[in-house]
Amino acid sequence: MQHKAELTRVVDALAHRMTPRTVLIPSALADGFDYLCPEDVAPGALVEVNLRGKPVVGMVEAGCAGSVAIEKLKPITRVLEVPAYPKKFRDWLEFVARFTCAPRGSVLALTGIKQAMTPPKKPLLLEHFTPDLPDLSAHQQRAHAALYEADLATPIVLNGVTGSGKTEVYFHAIAELLARDETAQILVMLPEIGLTHQWLARFEAAFGTKPACWHSHVTPAKRKRMWHAVARGELRVVVGARSALFLPFAHLQMIVVDEEHDTTYKQDDGVLYHARDMAVARAKFEGARIVLASATPSLETRYNIAQNRYQEVVLDTRHGGAKLPEVSLIDMRTQTLDSGEFISPVLREAMYQTLAEGDQVLLFLNRRGYAPLMLCRGCGHRFMCPSCSAWLVKHQAAGKLQCHHCGYHAPLPKECPSCGAGEEKLVACGPGVERVEEEVRALFPELAGAQAIRVFSSDEGIDDAAIRAAISGEIRILIGTQMLAKGHHFPQLTLVGVIDADMGLAGGDLRGSEHTYQLLHQLAGRAGRAGKSGRVLLQSYAPDNAVMEALAHGSHAEFSSAELAVRKLGGWPPYGQLAAIILDGPEEESVRRAGFALIHTAPHDARIRVLGPAPAPLSKLKGQYRYRLLVKASRDIGLQRTLSTWLENAHFPRVRLKLDVNPYYFL
Ligand SMILES: [Zn+2]
Ligand SMILES: [Zn+2]
């Protein structure tokens, strides 16, 4: 019987001109399976196949593995009625898999290929652009001209301070491309948090219609409609977070990566890619123009400019003549504060003054909750998360202790679990935004009643009304985490006070200084926009630190050269290559042993150094013990290939291995 079925299949295959081809499946588990495909199916075509009894979408590859005899192969179920993935796109996907050392199937999954299985119920309403853009200033015109004169193969870095009109410059470029090429598709990437109503309203005002947005909150039905319209080349402009980069555009002609320095472009789960770097690569494969925009270009980008790989276009004047804020440091070592107080007398005075003039104040502290630590004064006990090596954060309003890593929470304790001391011995250490709010309410009792003081953090459930009240100036004092640093413009804002400017400088994070600079610089950009000059006060215990000095001088170039010199000296990126190996598992001993086993098989090459294994700074996370190794290599070595060879057979029972090429997170 069996034999007869096989024979029938071969006869069928011959009659229908079927040929064996590998079909890549969007999964980390396999590199694809051979199926019988009609001969005229092109590589890149999306097909439905039966995989262990389940219908699955896959992509047809150029060849076949040939490891299974032809008479054992099953035919594909059907060819899906969507455009095949173009060769340029497939080549880029291969590149991403190689670069990140990720399974090819996992990279394929990022393209949203499952959307191909069924067509959308109704088509997407397509945009009709009627660009009506304001004229560019002389400065912007020069930048715009430079953008056109540059060689298409060279990424352009649009480097301009906040408010210099970078957006207008690339809006003009988009409008011209839309007019010039009827089939051109354009992708604008923004950090997820930057996809604000204000940005979208700006786009709508310039183009007469809203752009199609691709991010994590898009509904499944809309997602499907967009995916099909992108693949058919019907959707002209897509604005999205990093995942939009993996959409199967039919004719991608321009990519804009706005806020290119933003760390959220690095994916920290699954395929660990950096969306900016992969966007540069995609533009190259597609033959598209790429523009990287930032007020504080990343050190990698600065390096590429210095190496003549990228071309820099500088926009150095604030559009409309608004002045840059004056940044000054408050040396906290000279300030007298009572315990539990975090706003220095100098900052307090500046707040009084600003409010008296009818302006708005923003206090920044990148710490959610009331206090980052609770401790018992009786015995020194610290309240830790049971599953992570992390302190529990006190959230006063919610009446909870909360772990910010795993979501564990417990009611506020009534007594010390270690010595039994009562509530009066339990103290909150350090400030969080809730605690600063408490201090502000005590300082400004006349504002405390109305909705004039408000905390903005991810715990607060910030709605559009709150954002509107902040923009209109109805909220006089904004207290917030980094969600306030990005995207929004507050026209009444003239004073920004940074509670703890040193945060982020401590710790072993390679990019700590860079991120601190970028975040504080971005905050400074919030102050003094609509014609009014603003000021920024940084409370610091280390005012002579290079980051603080560069901020006070307002010079990103100064900061970058100092930081690049440090990186060069240590052979760190961008002067060298870096990869992290993170091992985790439920038993500490097996994780530690796996780390040492890896050291024994590490590649012997003078150009590679393997550091570790060492317990990760976050040595326990969600009940898993964690160890890290860091691989440092010179630029002239094929790091990915070396790593793949080394780790190919590294399998340890009850230990998971994660490889992060060019890591951004060091916890
Ligand atoms: Zn105690
Ligand atoms: Zn936890």
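Residues numbered from 1 in each chain as written. Chains lettered and ligands numbered in written order. Predicted model: local features only at pLDDT ≥ 70, side-chain atom pairs only at ≥ 80, totals over all residues. Heavy atoms only, no water.

Taken together, Cys-385 (SG), Cys-388 (SG), Cys-403 (SG) and Cys-406 (SG) make up the protein donors of the zinc ion (ligand 2), found 2.2 to 2.4 Å from the metal. We classify Cys-403 as buried; its relative accessible area is 2%. (Donors = N, O, S within 2.8 Å, 3.2 Å for Na, K, Ca; no water. Buried < 20%, exposed > 50% of the residue type's maximum accessible area, 1.4 Å probe, protein only.)

Here we take up the packing of aromatic side chains. The full count for this structure, using the stated rule, is 17 aromatic pairs. Taken together, Phe-129, Tyr-170, Phe-171, Trp-199, Phe-203 and Phe-207 form an aromatic cluster joined through their ring pairs. The side chain of Arg-223 reaches across the aromatic face of Trp-214, ending 4.5 Å from its centre. A cation over a ring is seen here: Lys-632 above Trp-572, with NZ or CZ 4.0 Å from the ring centre. (Phe/Tyr/Trp six-rings, centres within 6.5 Å; stacked < 30°, edge-to-face > 60°. Lys NZ or Arg CZ within 6 Å of the ring centre and 35° of its normal.)

What follows is about the pattern of salt bridges. Per the stated rule, a full pass over the model turns up 24 salt bridges. The partner of Glu-204 in a salt bridge is Lys-210, with the nearest N and O atoms 3.6 Å apart. Given the relative accessible area of 32%, Glu-204 is considered partly exposed. With a shortest N-O distance of 3.0 Å, Asp-459 and Arg-368 are connected by a salt bridge. (Salt bridge = Lys/Arg side-chain N within 4 Å of Asp/Glu carboxyl O.)

Here we take up the sheet that holds strand S11 (residues 289-294). In spatial order, the strands read S8-S9-S7-S10-S11-S6-S12; together these seven strands make up an open sheet with parallel pairing. Since the sheet does not close on itself, it has two edges, and those belong to strand S8 (212-214) and strand S12 (311-315), each with one partner. Between one strand and the next, the sheet's axes are offset by a mean angle of 20°, whatever the strand orientation. Two strands pair when backbone bridges link them, and S8 and strand S9 (residues 237-240) are joined in this way by three bridges, in the parallel orientation. In the strand pairing of S9, Ala-212 is matched with Val-238. Of the strands in this sheet, strand S6 (156-160), strand S7 (185-189), S9, strand S10 (252-258), S11 and S12 are in contact with helix H5 (residues 166-180), which crosses S10 at around 170°. (Pairing = 2+ DSSP bridges. Helix = DSSP H or I, 4+ residues; strand = E, 2+ residues; numbered from the N terminus. Axes fitted to C-alpha atoms, helices over the stretch in contact; angles between N-to-C directions. Contact = heavy atoms within 4.5 Å.)

Turning our attention to the coordination of the zinc ion (ligand 1). Those protein atoms acting as donors to the zinc ion (ligand 1) are Cys-376 (SG), Cys-379 (SG), Cys-416 (SG) and Cys-419 (SG), and they sit at 2.2 to 2.4 Å. Here the zinc ion (ligand 1) binds four donor atoms, and the angle range of 106 to 113° at the metal identifies the geometry as tetrahedral. Here the donor residues for the zinc ion (ligand 1) map to a single chain with the spacing C-x2-C-x36-C-x2-C. Classification of Cys-376 by relative accessible area gives buried; the value is 1%. A relative accessible area of 37% places Cys-379 in the partly exposed class. (Tetrahedral: all angles 85-135°; square planar, octahedral: opposite > 155°, others 65-115°.)

Turning to the layout of surface pockets, a few remarks are in order. Taken as a whole, the second largest pocket holds about 920 Å³ of empty space. Around the second largest pocket sit 35 residues that line it, and Phe-99, Asp-277, Asn-304, Tyr-310 and Arg-635 are the ones nearest its centre. For the lining of the second largest pocket, the elements supplying multiple residues, two or more each, are helix H2 (87-100), helix H8 (275-286), helix H9 (299-306), strand S24 (576-585) and helix H18 (639-647). Ranked by the residues each element gives to the lining of the second largest pocket, the list is headed by H8, at eight residues. Along the lines of polarity and charge, the residues of the lining of the second largest pocket split into 20 nonpolar, eight polar and seven charged. (1 Å grid on protein atoms, 1.4 Å probe; cavity = no way out; pocket = protein on both sides within 12 Å on 5 of 7 lines; lining within 4 Å. Points joined across faces, edges and corners; volume = space filled by probe spheres on them. Nonpolar A, V, L, I, M, F, W, Y, C, P; charged D, E, K, R; others polar.)

This next bit is on H18. All of the buried residues in H18 are Leu-639, Gln-640, Thr-642, Leu-643, Trp-646 and Leu-647. The arc that holds the buried residues of H18, viewed along the axis, is 165°, so those residues lie on one side. Seen from the open side of H18, the exposed residues pointing more than 90 degrees away from its buried face are Arg-641 and Thr-645. In this fold, the buried residues of H18 make contact with H2, S24, helix H17 (588-600), strand S25 (608-621), strand S26 (624-634) and strand S27 (656-661). (Arc of directions from axis to C-beta.)

Per the stated rule, a full pass over the model turns up one cavity of 30 Å³ or more. The computed volume of the largest cavity comes to approximately 40 Å³. Counting residues per element, the lining of the largest cavity draws most heavily on helix H14 (residues 512-524), which supplies three residues. Across the lining of the largest cavity, the residue classes break down as one nonpolar, five polar and four charged. A domain-level breakdown of the lining of the largest cavity finds at least three residues from each of domain 2 (138-320) and domain 3 (322-367 + 431-565). (Domains from an automatic or database assignment.)

Once that is clear, we can look at the environment of Leu-659. Here Leu-659 is to be found in strand S27. Discounting chain neighbours no more than four positions away, the residues touching Leu-659 are Cys-101, Leu-272, Ala-579, Ala-580, Ile-581, Leu-643 and Leu-647.

Here helix H16 (residues 556-570) contains 15 residues, and its C-alpha end-to-end distance of 21 Å stays within 8% of the 21 Å for a straight helix at 1.5 Å per residue. Restricting attention to buried positions, one finds in H16 the residues His-556, Phe-559, Ser-560, Glu-563, Leu-564 and Arg-567. Buried residues of H16 fall within an arc of 125° about the axis and therefore sit on the same side. Summarising the geometry of H16, the exposed residues directed more than 90 degrees from the buried face are Val-566, Lys-568 and Leu-569. (Expected span 1.5 Å × (residues − 1).)

Cis geometry marks the peptide bond from Pro-573 to Pro-574, where omega comes out at 5°. Tracing the backbone shows Pro-574 in the loop between H16 and S24. The residue Asn-308 is not glycine, and still its phi comes out positive at about 65°. Note on placement: Asn-308 falls in the loop between H9 and S12. Taking relative accessible area as the criterion, Asn-308 reaches 69% and is therefore assigned exposed. Although it is not a glycine, Arg-654 sits at a positive phi angle of roughly 60°.

In this section: the sheet that holds strand S3 (residues 46-51). The antiparallel open sheet is built from five strands, whose spatial order is S2-S1-S4-S3-S5. Here the strands that pair on one side only, and so sit at the sheet edges, are strand S2 (33-38) and strand S5 (78-79). Pairing analysis gives two bridges linking S3 to S5, with the strands arranged antiparallel. Paired with Glu-48 across the bridge in S5 is Arg-78.

The values reported here are purely geometric and, on their own, carry no functional implication.
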